[in-house]
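The lines below spell out each chain.
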Protein chains: 2
Amino acid sequence: MMSERPSLVDIVLAVNRIRSKLCVTPVVTSTCLNDLTGRNIYLKCENLHKTGSFKCRGALNTVIKALENKEISISGFVTHSSGNHGQALAWSAKSVNLPCSVVVPVGTPLVKTNAIESYNAELVLCPPTPAARLETCNKIGHEKNYMIVPPFDHPDVIAGQGTIAVEFLKQVEDLDAIFVPVSGGGMISGIAIYAKQINPNIRIYACVPEGKMLSECLKSCERLWPNPPAFLNTKAEAIRLQQCGEITFPIMCDLVEKEVFTIDDASMIAATKFAFERLKLVVELASGCALAAILSDQLKTLDKNIKNIGVILCGGNIDINKLPWIENETKTKDI
Amino acid sequence: MMSERPSLVDIVLAVNRIRSKLCVTPVVTSTCLNDLTGRNIYLKCENLHKTGSFKCRGALNTVIKALENKEISISGFVTHSSGNHGQALAWSAKSVNLPCSVVVPVGTPLVKTNAIESYNAELVLCPPTPAARLETCNKIGHEKNYMIVPPFDHPDVIAGQGTIAVEFLKQVEDLDAIFVPVSGGGMISGIAIYAKQINPNIRIYACVPEGKMLSECLKSCERLWPNPPAFLNTKAEAIRLQQCGEITFPIMCDLVEKEVFTIDDASMIAATKFAFERLKLVVELASGCALAAILSDQLKTLDKNIKNIGVILCGGNIDINKLPWIENETKTKDI
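All values reported here derive from a predicted model rather than from experimental measurement.

For residues besides glycine, phi is generally negative; the peptide bonds are generally trans as well. All names here are of chain A. For the bond from Asn227 to Pro228, the omega torsion is -5 degrees, close enough to zero to count as cis. For Pro228, the position within the fold is in the loop between helix H9 (214-220) and helix H10 (248-255). Phi at Thr51 is positive, roughly 65 degrees, even though this residue is not glycine. By secondary structure assignment, the location of Thr51 is in the loop between strand E2 (40-45) and helix H3 (55-68).

Written out as structure tokens, the structure is:
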């Protein structure tokens with residue numbers, strides 16, 4: 001049986017698997033950001049990726065790998081997702097001409113559900129709790145013989161997200177650290193597995209919303225989170241899970257810095273606005289979380305030898321009719 | 001005396017002059033855009049450039065070349081500009097540690113004037129007519145011994161903008177056409193000089209706001225525009241000059257397609273929104289003008305052999321507190 005923790009080889013194989021359908025995302029720099037931080041900041045633009053986020057990497061890797069296995073027959077794919085992974089799986093399934101169902105909690109932004117439907121996936125609404133999402137997803141998988149592709153806690157998904165690091169370390173050869181927004185932990189796990197083997201001195205920092213308790217959990221290497229799993233009180237809906245995964249958390253304990261960057265919503269919004277205004281990039285609040293860490297006072301306390309810092313701008317799926325720095329309701333909203 | 005029309009060599013020299021201070025802008029693609037048009041669309045992201053537009057190329061080339069000339073002594077630089085060229089010159093002057101004055105018409109968006117001032121340039125307001133801008137600019141140049149760097153009608157500015165084509169033709173080797181938003185014509189002239197010599201079969205199309213009369217002028221190779229020079233009635237303030245330049249227009253007559261893409265404001269706004277929503281790029285309406293041409297019915301009438309189309313997303317300087325698809329006034333506007 002396959003190990004649950006993907007290896008560097010799994011990540012390199014994932015690169016080969018996805019490369020014909022996915023572009024290499026650009027890295028951009030900003031003198032303004034370098035001046036503000038006194039370090040060299042490199043922004044990996046996953047917001048410019050297919051479906052608007054990094055999630056297409058893990059979803060596509062999982063889908064293609066499943067079809068390579070001739071011993072099982074799959075009729076389609078299903079997932080539960082706050083949106084980005086749902087879009088990514090819908091797109092991936094469409095790219096291999098198989099059907100897809102996506103379970104999303106009531107209240108998911110229209111910009112995300114519209115996009116899922118634009119990739120021909122069936123949209124299934126469920127109550128906004130982690131338990132209800134899992135249950136609905138399992139039911140569809142069982143009834144339709146669809147493979148369940150979880151948003152993060154799966155080795156092929158993690159390996160797919162790890163391809164970010166393969167590209168990034170090729171694009172910027174001397175990165176001292178990478179800042180990664182964290183929800184379930186799939187992206188940071190994949191990045192850490194690859195990057196720490198290529199360069200054991202590189203530091204991988206998690207950037208999270210308030211209430212995540214990640215620093216305590218990483219320091220003790222224990223799942224201190226209360227059950228049942230809860231959503232955080234943050235506007236950054238792509239990173240609102242409190243708990244990391246059963247597969248991802250042990251990887252994070254081994255490879256990710258114990259020092260966590262915890263970001264309040266106001267700082268995420270300000271950083272997102274900075275990305276629009278100064279970097280000319282449309283990013284979602286989860287990207288703003290990592291950018292806010294770079295702009296934080298906490299960054300100033302980091303070792304000065306951490307000179308070249310990579311930042312993952314993980315996605316760009318934000319409702320541009322309802323930008324978070326425009327306070328009142330706008331006319332376009334209700335049309 | 002130097003010829004007024006820059007050569008291919010001038011453009012290659014400009015590449016060498018500016019390369020240490022400016023990045024190569026990325027080219028992005030979009031399956032959605034390819035599906036909508038039935039062609040391969042390549043977007044050159046000048047919105048991601050220093051100062052938020054392509055204008056840094058021409059300004060920096062002119063500034064550095066002026067300082068290479070040991071026979072004249074320059075105390076600083078001055079220009080009149082609707083904003084983007086002003087920002088670009090301010091940044092270029094700052095990068096060589098010389099002062100800069102920028103003459104802008106009353107009513108220029110705050111996002112642009114703030115940016116000019118952020119590069120330490122002196123801001124000089126004038127009435128919003130082309131004549132007043134020129135006059136104020138000449139006065140400052142004379143009084144302070146500043147070199148006047150016009151926004152487009154100067155061989156070094158044109159050569160600098162031509163560096164876009166050097167990069168673009170390297171990034172995408174088999175471009176059949178390039179779509180370029182046009183105001184004074186500096187960018188399209190520089191691009192056309194380089195691209196048509198590298199590949200005489202490439203077609204260079206101008207994209208302009210309504211009222212520009214460019215097609216008539218190009219077809220007759222005559223300046224049919226009324227005098228004094230007027231501004232067009234368009235929300236795309238970066239491309240609101242009616243007349244092209246005295247140097248640029250003859251270049252355009254020789255090298256640019258007579259078929260012009262004329263775009264109304266509503267189409268520019270829709271295309272700009274498309275860029276935000278689907279491409280995850282912050283662009284200004286002038287970029288939306290070129291993108292709207294790509295999305296227009298007119299494009300469908302183009303020769304089917306024009307398969308690989310480059311589009312210049314010329315800039316990203318848009319007021320993100322006042323996006324044109326959000327109709328009502330927002331709270332943040334008056335803060």
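Mapping chain B onto chain A leaves a residual RMSD of 0.0 Å; the transformation is a rotation of 180 degrees accompanied by 0.0 Å of translation along its axis. Both chain copies can therefore be described as sitting about a two-fold axis. Taking C-alpha positions as the reference, the residue of chain B nearest the rotation axis is Leu281(B), at 2.5 Å.

This paragraph deals with the packing of helix H4 (residues 84-95) of chain A against helix H5 (residues 110-118) of chain A. All names here are of chain A. Orientation of H4 relative to H5, taken along the N-to-C sense of each, is 10 degrees, at an axis distance of 8 Å. Viewed along their axes, H4 and H5 adopt a mutual orientation that is roughly parallel. Crossing geometry of H4 relative to H5 is assigned as left-handed. Taking contact as the criterion, the partners of Asn84, Gly86, Gln87 and Ala90 in H4 are, on H5, Val111, Lys112, Ala115 and Ile116.

Taken together, the contact pairs 29 residues of chain B with 29 residues of chain A. Where chain B abuts chain A, roughly 2,600 Å² becomes buried across the two surfaces, and 58% of that area is made up of carbon and sulfur atoms. Our count for the chain B to chain A interface comes out at zero salt bridges. Our count for the chain B to chain A interface comes out at 12 residue pairs in polar contact (both at pLDDT 80 or more). Among the elements that make up the side of chain B that touches chain A, the one with the highest residue count is helix H11 (residues 265-279) of chain B (five residues). Here the residues of the side of chain B that touches chain A sort into 12 nonpolar, nine polar and eight charged.

With that out of the way, let us pick up the sheet that holds strand E5 (residues 122-126) of chain B. All names here are of chain B. The four strands are arranged E5-E4-E3-E6 in an open sheet whose pairing can be described as parallel. The sheet is open, and its two borders are formed by E5 and strand E6 (146-148), each paired with just one other strand. Sheet twist, expressed as the mean angle between neighbouring strand axes with direction ignored, is 25 degrees. Across five bridges, the pairing between strand E4 (residues 100-105) and E5 is parallel. The partner of Val103 across the bridge, within E5, is Val124.

Residues and elements named next belong to chain B. The mixed open sheet is built from six strands, whose spatial order is E1-E2-E10-E7-E8-E9. Edge positions in the sheet fall to strand E1 (27-28) and strand E9 (261-263), since each of these pairs with one other strand and no more. Both strand E2 (residues 40-45) and strand E10 (residues 308-313) contribute to a ladder of six bridges, which runs parallel. Within E10, the position partnered with Ile41 by the bridge is Ile309.

Let us now look at the packing of aromatic side chains. Under the defined criterion, the tally for this structure stands at 11 aromatic pairs over all chains. Residues Phe179(A) and Tyr205(A) carry aromatic rings whose centres are separated by 4.9 Å and whose planes lie at 35 degrees to one another, so their mutual orientation is tilted. Separated by 26 residues along the polypeptide, Phe179(A) in strand E7 (residues 177-181) and Tyr205(A) in strand E8 (residues 203-209) bring together distant segments of the chain. The same class applies to Phe179(A) and to Tyr205(A), which are both buried. Consider the rings of Phe276(B) and Trp325(B), whose centres lie 4.8 Å apart with planes at 75 degrees: the pair is edge-to-face. Of this pair, Phe276(B) sits in helix H11 while Trp325(B) sits in the segment after E10, and the two are 49 residues apart along the sequence.

Residues and elements named next belong to chain A. Taken domain by domain, chain A comprises domain 1 (8-53 + 154-313) and domain 2 (55-148). Between domain 1 and domain 2, the C-alpha centre-to-centre distance is 23 Å. In this complex, domain 1 contributes 27 residues to the contact, which on the side of domain 2 involves 25 residues. Buried area between domain 1 and domain 2, both sides added, is near 2,300 Å², and the carbon and sulfur share of it is 55%. Taken together, the connections running from domain 1 to domain 2 amount to four salt bridges. Between Lys65 and Asp156 there is a salt bridge whose closest N-O contact spans 2.9 Å. Counting across the domain 1 and domain 2 interface gives 11 residue pairs in polar contact (both at pLDDT 80 or more). Put simply, the parts of the chain that give the side of domain 1 that touches domain 2 at least two residues each are helix H1 (8-18) and helix H7 (155-171).

As a further point, take the pattern of salt bridges. Residues and elements named next belong to chain B. Enumeration according to the criterion identifies 22 salt bridges over all chains in this entry. The partner of Arg57 in a salt bridge is Glu46, and the shortest N-O contact between them spans 2.7 Å. Of the two residues, Arg57 is situated in helix H3 (residues 55-68) and Glu46 in the loop between E2 and H3; the sequence distance between them amounts to 11 residues. Among the residues examined, Glu46 registers a relative accessible area of 0% and is labelled buried.

Before going further, it helps to examine the confidence of the model for chain A. Detailed reading of the predicted coordinates is not advisable wherever pLDDT falls low. Of the residues in chain A, 96% reach a pLDDT of 70 or more, and the chain-wide mean stands at 93. Below a pLDDT of 50 lies the segment residues 329-335 of chain A, which in the model reaches 11 contacts outside its immediate sequence neighbourhood of four places, other chains included.

Rules and cut-offs
Residues numbered from 1 in each chain as written. Chains lettered and ligands numbered in written order. Predicted model: local features only at pLDDT ≥ 70, side-chain atom pairs only at ≥ 80, totals over all residues. Heavy atoms only, no water. Helix = DSSP H or I, 4+ residues; strand = E, 2+ residues; numbered from the N terminus. Least-squares fit on C-alpha atoms with pLDDT ≥ 70 in both. Axes fitted to C-alpha atoms, helices over the stretch in contact; angles between N-to-C directions. Parallel < 35°, antiparallel > 145°, perpendicular 65-115°, else oblique. Left-handed = near helix turned anticlockwise from the far one by under 90°. Contact = heavy atoms within 4.5 Å. Buried area = accessible area lost by both parts, 1.4 Å probe. Salt bridge = Lys/Arg side-chain N within 4 Å of Asp/Glu carboxyl O. Polar contact = N/O pair within 3.5 Å; in protein donor to acceptor, adjacent residues only side chain to side chain. Nonpolar A, V, L, I, M, F, W, Y, C, P; charged D, E, K, R; others polar. Pairing = 2+ DSSP bridges. Phe/Tyr/Trp six-rings, centres within 6.5 Å; stacked < 30°, edge-to-face > 60°. Buried < 20%, exposed > 50% of the residue type's maximum accessible area, 1.4 Å probe, protein only. Domains from an automatic or database assignment. pLDDT = per-residue confidence, 0-100.

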